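Results of the structural survey
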Amino acid sequence: MCVIRIAAVGILMAVVLAPVGGFADDTIETLMKEGMQAEAQDSPQRAEEKYRKIIEKDPQNYHALVRLAQLEMKQLSGPKRGDMALVAQEYLLRASLSQPRRPEAYLALAQLKYLLGYVPEGDEYARMARSIDPESYQAFCLLGQRYEDSGNYLAAMRQYSEALDHYPYDVYLSERRFLAAANGGLRPYDIYAVALKDIGGKGEGGTPAKVEFELLYDRYPDFYLLSQFEQEAGHSPRLRGRYFLPEFPFKYCVKDRQPSNPYADLYEAFIKASTTDPGEYSRLRAELDKIRKEALNAIATAGSQGRSSATTEDVAKARALYQYLKTKILKEYDLKRGVSAKDLLDHKRYLCLNASILFALIGREAGLPIDGFILPGHSFAVVNAKPGNVSVDMIPMTIAGTPGDRGFGVNWRDQFEALSQPGNYGGLLADPASSDRSVGEVSPHELTAYQFVNVLAAGLGEIEEKRKDEKELARNLLTELIQDNRDTQTQIQEIRNRYQQEPEKLASLLNKAREKHLERRRANLRDIAGIRYKIDREKAEYLYRTGLGLLDSARGIAPRVEEFVDLQESIYAAKADIDARTAKDAAKDREQRRDEIRKELTDKRLNTEFEERLPGGNYSQHIRSLREEAKILQSRLEDIDKEAADRWPMERHEWVHAIKGLSEAAVKIPCSARIQKRLEAYLWIAAKTSEKMGDNETLQQVVEVGLSRLPDSEFAKHYRAGQL
């Protein structure tokens, strides 16, 4: 794959502020806490002072910019109202540029525009926030109140109704919808008309011809409180001229901390993504400096020939750089051996990413306006010339001949034709789980940062290659399993056909056939799981040992790329899953066996009860046989419980180890809802199993982690209440 990517899930915002270590600038952390405390103590001037100090240290700090804007917005009055509004707007625009994929700055801009009376502009910013976060609680509240303020109560009701689909038990939203109806003087049939239209029904003259009562009641239960509706009509407080947005439920988190950049320049970062050997680095840097010197000479020669404009000259210089690299350096496009800077410098093997980085860095050094462009599974460079940008793709364009400069000024049709040939070019990434947060134009810093991700993914590819024989064995075992299922079904049908007239013998033979099939199935699944576990563990250990450090480096170069935090989150989650997998699989297997035995035991007991009611049933041989079989099944259940108790010391260690890893992740990535949910799930399992096993020591360990790391979780509430 041209740009090798690791799948990651999108991160939800958390409301937890936890102490975090391991980052360079703890001063910003302290200032943020002090500023928030000053706000809580109603000291806006002191809070503003703290946030301004943060901006001095980190001019793009998202939270400080948004909070400074909010402080200005709270004081929009008097002769300086216009100046304050401009200052607030500047802060929010800077924040939105700093992190364009977060909704809070756009919501605050919408609120500011509404306060100033610029409603259409406010609507546009509100729509931008909703496009980023379609379930934004604050956007629902703000838009609902905007419609109430403009007298459009039906639109307000629709807004609150949509919000209640996402937050069905929210008292505030339910009350606002009810009061919007009351303030608008709407009659009951108006409400039914809205509800009916929302569910796709039809009504005549504003009154539904036929109301699906149950469906409406499920969706809008508060609309049936008609007597209360009539009492409230005309008496509820109005919100005209007053836009209130609840305090944003986010706090300072790791995404907004400025990590330290350990590299002197981007060339150093580019090389050191491939090697940590000082001697190797010196040699590679010398080779790279030689290439830079030759490339800069080629650019200077192209620029000295006299052009009609600066823009035309920039394009000519960029073309000269492209031709130099394609003819002198970029010799072999290699999907497996062209990932690193070392591959490129020593062997002239390359991928689109490292070639685009080289083009962008040398071009920027020559003063050219060059950026990168990231697509799923691909990257190229862009020369930002007017009147139109020039795309520069380092993939060998062999679609229609092989001109030397075909990738310079390449059109989209050629790019996608090339990328549709994954065997040659790597192709577009088809993984739907990839977050692809940075699709689009990126700076040279961000482009270079992705080299660390590519090197990381290349390491995973080496593990896959090393384990390919074991993966093939797992595939063969799976094929055997599928074939055994078919053979067993054929065998069962043959038994049924042959012993239809002998029910007791038929039942016995069917049971034996099924039991043997289950034994073979468990053995096969156990072997497959063992192979996958070995491969997954090696990957998880590599990611944990090497990947986290590579991603820290990537974040040091490009701290605003949220995808790098996503990937770190995925590594912690994968490591925890591996640490607990044996315990989880064993527990799952035991529960499956219990279910099978319980089902069989229930059948035996029902058959026994039935035959006992027959004349002379209590004395039949069959009854005695059924009772004996039931005893054996009960004994097997007890054996499984004993097995669980015997294995608990080892499984307990695995659960505790996984929980410790997730606890570390919850500290390092405090805004990760995914990590918090997984940690809470593991805490519940470990705690409940400890209780069942009577292991109070482990239970105490687990509960302490839950109370300290997830103090507001249901787990913490449950065990805190138990302590009380």
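Residues numbered from 1 in each chain as written. Predicted model: local features only at pLDDT ≥ 70, side-chain atom pairs only at ≥ 80, totals over all residues. Heavy atoms only, no water.

1. Quick word on the sheet that holds strand 8 (residues 440–442)
Spatially, the 4 strands line up as an open sheet ordered 7-6-5-8, and their pairing is antiparallel. Of all strands in the sheet, those with a lone pairing partner are strand 7 (390–392) and strand 8, marking the two edges. Across this sheet, the average inter-strand angle for adjacent strands is 35 degrees, counted without regard to direction. Examined bridge by bridge, strand 5 (residues 370–375) and strand 6 (residues 378–383) share 6 bridges and lie antiparallel to one another. (Pairing = 2+ DSSP bridges. Helix = DSSP H or I, 4+ residues; strand = E, 2+ residues; numbered from the N terminus. Axes fitted to C-alpha atoms, helices over the stretch in contact; angles between N-to-C directions.)

2. As for the confidence of the model for the chain
Averaged over all residues, the pLDDT of the chain equals 77, while 77% of them reach at least 70. Ranking the helices and strands of the chain by mean pLDDT puts helix 17 (residues 352–365) first, with 93, and strand 2 (residues 207–208) last, with 40. Here residues 199–252 is a poorly scored stretch, pLDDT under 50, and it has 116 contacts once near neighbours within four places are set aside; other chains count. Across residues 426–437, where pLDDT falls below 50, the model places 36 contacts with residues more than four positions away in sequence or in other chains. (pLDDT = per-residue confidence, 0-100. Contact = heavy atoms within 4.5 Å.)

3. Notes on the pattern of salt bridges
All told, the structure shown has 55 salt bridges when counted by the stated rule. The residue Arg678 makes a salt bridge to Asp577 at a minimum N-O spacing of 2.5 Å. Of this pair, Arg678 sits in helix 25 (residues 673–693) while Asp577 sits in helix 23 (residues 562–612), and the two are 101 residues apart along the sequence. We note a salt bridge from Arg598 to Asp595, for which the minimum N-O separation is 3.3 Å. Residue Arg598 and its partner Asp595 are both found in helix 23; the two are separated by 3 residues, about one turn of the helix. A relative accessible area of 36% means that Arg598 is categorised as partly exposed. What you see here is one network of salt bridges that share partners, running through Asp265, Arg285, Asp289, Arg292 and Glu365. (Salt bridge = Lys/Arg side-chain N within 4 Å of Asp/Glu carboxyl O. Buried < 20%, exposed > 50% of the residue type's maximum accessible area, 1.4 Å probe, protein only.)

4. Things to note about the nonpolar core
Leu325, Phe359, Val392, Met394 and Phe564 are the most contacted members of the largest nonpolar core, which totals 97 residues. Those residues in contact with Met394, other than ones at most four positions away along the chain, are Tyr322, Leu325, Lys326, Leu330, Tyr350, Ala355, Ser356 and Phe359. The next biggest cluster of nonpolar side chains, apart from the first, holds 38 residues, and it includes Tyr91, Ala105, Leu107 and Ala139. (Core = buried A, V, L, I, M, F, W, Y, C linked by side-chain atoms within 4.5 Å.)

5. Let's talk about the packing of helix 4 (residues 81–98) against helix 5 (residues 104–116)
Across the interface, helix 4 lies against helix 5 with an axial gap of 9 Å and an inter-helix angle of 160 degrees. For the element pair helix 4 / helix 5, the angle class is roughly antiparallel. Here helix 4 runs over helix 5; the crossing is left-handed. Of helix 5, the residues touching helix 4 (which contributes Arg81, Ala85, Ala88, Gln89, Leu92, Leu93, Ala95 and Ser96) are Ala105, Tyr106, Ala108, Leu109, Leu112, Lys113, Leu115 and Leu116. (Parallel < 35°, antiparallel > 145°, perpendicular 65-115°, else oblique. Left-handed = near helix turned anticlockwise from the far one by under 90°.)

6. Here we look at the packing of helix 5 against helix 7 (residues 137–149)
The interhelical angle for the contact between helix 5 and helix 7, taken along N-to-C directions, is 15 degrees, at an axis separation of 10 Å. Here helix 5 lies roughly parallel to helix 7, going by the angle between them. Taken as a pair, helix 5 and helix 7 cross one another with a handedness that is left-handed. Every residue of helix 7 that contacts helix 5 at Leu107, Ala110, Gln111 and Tyr114 is listed here: Gln138, Ala139, Leu142, Leu143 and Arg146. When its residues are assigned to classes, the contact of helix 5 with helix 7 shows 6 nonpolar, 2 polar and 1 charged. (Nonpolar A, V, L, I, M, F, W, Y, C, P; charged D, E, K, R; others polar.)

7. Brief notes about unusual backbone geometry
In the Ramachandran plot, Asp42 falls in the positive-phi region, its phi being about 60 degrees despite a non-glycine side chain. Assignment of secondary structure puts Asp42 in the loop between helix 1 (26–40) and helix 2 (44–57). Take Asp42: its relative accessible area is 65%, and that puts it in the exposed class. Even without being glycine, Lys348 reaches a positive phi, approximately 60 degrees. Examined against the element boundaries, Lys348 turns out to sit in the loop between helix 16 (341–347) and strand 4 (349–350).

8. Observations regarding the pairing of strand 6
Across the 6 residues of strand 6, 6 count as buried, placing the element largely inside the fold. Because side chains alternate across strand 6, one face comprises the buried residues His378, Phe380 and Val382, and the other comprises Ser379, Ala381 and Val383, equally buried. The antiparallel pairing of strand 5 with strand 6 creates a hairpin that spans 2 residues between the two strands, and Gly377 there sits at a positive phi of about 80 degrees. Relative to strand 7, strand 6 is paired through 3 bridges, and the arrangement is antiparallel. In the sheet register, Ala381 faces strand 7, and the bridge partner there is Val392.

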